[in-house]
Amino acid sequence: MRATIRYATRSERVRGARTSLAKLRIGLSSLVLGLMAFGVPACGDDPTGPEMLLDFTVQRFNPIQGSLPSDAAVGGVGAITITGGIQTPCLAQPEDLKAEALREGVALALRIRLEPEQGGCIPGVDSFSYEARIENLESGTYHLTVSQRFLDDAGYVTLDTDVTVN
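Residues numbered from 1 in each chain as written. Predicted model: local features only at pLDDT ≥ 70, side-chain atom pairs only at ≥ 80, totals over all residues. Heavy atoms only, no water.

A. Structural detail: the side chain of Asp-71. With respect to the helices and strands, Asp-71 occurs in the loop between strand 1 (53–60) and strand 2 (72–75). At 13 Å, Arg-111 is the nearest oppositely charged side chain to Asp-71, a buried residue that forms no salt bridge. There is a polar contact of 3.2 Å between the side chain of Asp-71 and the side chain of Tyr-130. Of note is the side chain of Asp-71, whose polar atom sits 2.3 Å from the side chain of Thr-158. Those residues within four positions of Asp-71 in sequence are excluded, and the remaining contacts are Thr-83, Gly-84, Gly-85, Tyr-130, Val-146, Gln-148, Thr-158 and Leu-159. (Helix = DSSP H or I, 4+ residues; strand = E, 2+ residues; numbered from the N terminus. Buried < 20%, exposed > 50% of the residue type's maximum accessible area, 1.4 Å probe, protein only. Lys, Arg positive; Asp, Glu negative; His and termini not counted. Salt bridge = Lys/Arg side-chain N within 4 Å of Asp/Glu carboxyl O. Polar contact = N/O pair within 3.5 Å; in protein donor to acceptor, adjacent residues only side chain to side chain. Contact = heavy atoms within 4.5 Å.)

B. Representation of the state of the cysteines. Following the criterion strictly, the structure yields one disulfide and no others. Shown here is the disulfide that connects Cys-90 with Cys-121, its sulfur atoms set 1.8 Å apart. For the disulfide bridge between Cys-90 and Cys-121, the dihedral angle about the S-S bond is near -95°, and by the sign convention the bridge is left-handed. Of the two residues, Cys-90 is situated in strand 3 (residues 79–90) and Cys-121 in the loop between strand 5 (107–114) and strand 6 (123–135); the sequence distance between them amounts to 31 residues. (Disulfide = S-S within 2.5 Å.)

C. Here's a closer look at the pattern of salt bridges. Under the criterion given, the structure shown has four salt bridges. With a closest N to O distance of 2.9 Å, Arg-60 and Asp-126 form a salt bridge. Of this pair, Arg-60 sits in strand 1 while Asp-126 sits in strand 6, placing them 66 residues apart in sequence. Classification of Asp-126 by relative accessible area gives buried; the value is 13%. Measuring nitrogen to oxygen at the nearest pair gives 3.0 Å for the salt bridge that ties Glu-138 to Arg-103. You can see Glu-138 sitting in the loop between strand 6 and strand 7 (140–150) and its partner Arg-103 sitting in strand 4 (residues 97–104), a full 35 residues away along the chain.

D. Up close: the nonpolar core. Formed by 24 residues in total, the largest nonpolar core has its most connected members in Ile-80, Ile-82, Tyr-130, Leu-137, Leu-144 and Val-146. Elements with a minimum of two residues in this core: strand 3, strand 5, strand 6, strand 7 and strand 8 (156–165). Every residue in contact with Ile-80, bar those within four places of it in the chain, is listed here: Ala-73, Val-74, Gly-75, Leu-108, Ala-132, Arg-133, Ile-134, Leu-137, Tyr-142, Leu-144, Val-163 and Val-165. (Core = buried A, V, L, I, M, F, W, Y, C linked by side-chain atoms within 4.5 Å.)

E. Spatial organisation of the sheet that holds strand 8. Taken in spatial order, the four strands of this open sheet run 4-5-7-8, and their pairing is mixed. A strand with exactly one partner marks an edge of an open sheet, and here the two such strands are strand 4 and strand 8. Ignoring strand direction, the axes of neighbouring strands in this sheet form an average angle of 20°. Across eight bridges, the pairing between strand 4 and strand 5 is antiparallel. Its bridge partner lying in strand 5, Leu-97 is registered against Leu-114. (Pairing = 2+ DSSP bridges. Axes fitted to C-alpha atoms, helices over the stretch in contact; angles between N-to-C directions.)

Scope: geometric values only; no functional claims are made or implied.
This is the structure:
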């Protein structure tokens, strides 16, 4: 008695792999559509709302203009505008100040930090005014915290308030 073993050719293996991959894609698509039908968010969907947009502008503050502005926030249609002033412990350029906006439910955080690009920190005091606009927000009341961080310090909160968005 003689057994015959037949090996699949390369093209048969590739065709079989493609067929399996196509079946896997169809299965995964059906699974994602099924989960979405039951209200389960697909990967990458943010259950806290649409993606926020942040516009952050900084300009050097001239002391002749008066005192450095305090942080304040105003709600508008789909957005919150935050204005304020920053004194850095280093000589800096406006582009050395960076900001990020974070959201967790109705809690918003604006984090402003100093990141000197060239030469590190040259001791000295520099003053800047800024405006940050967080857009693409649904209407409601948000709890906003604004913090400033310079180099390796822990940072501090400059504004902690509730803001209503229309």
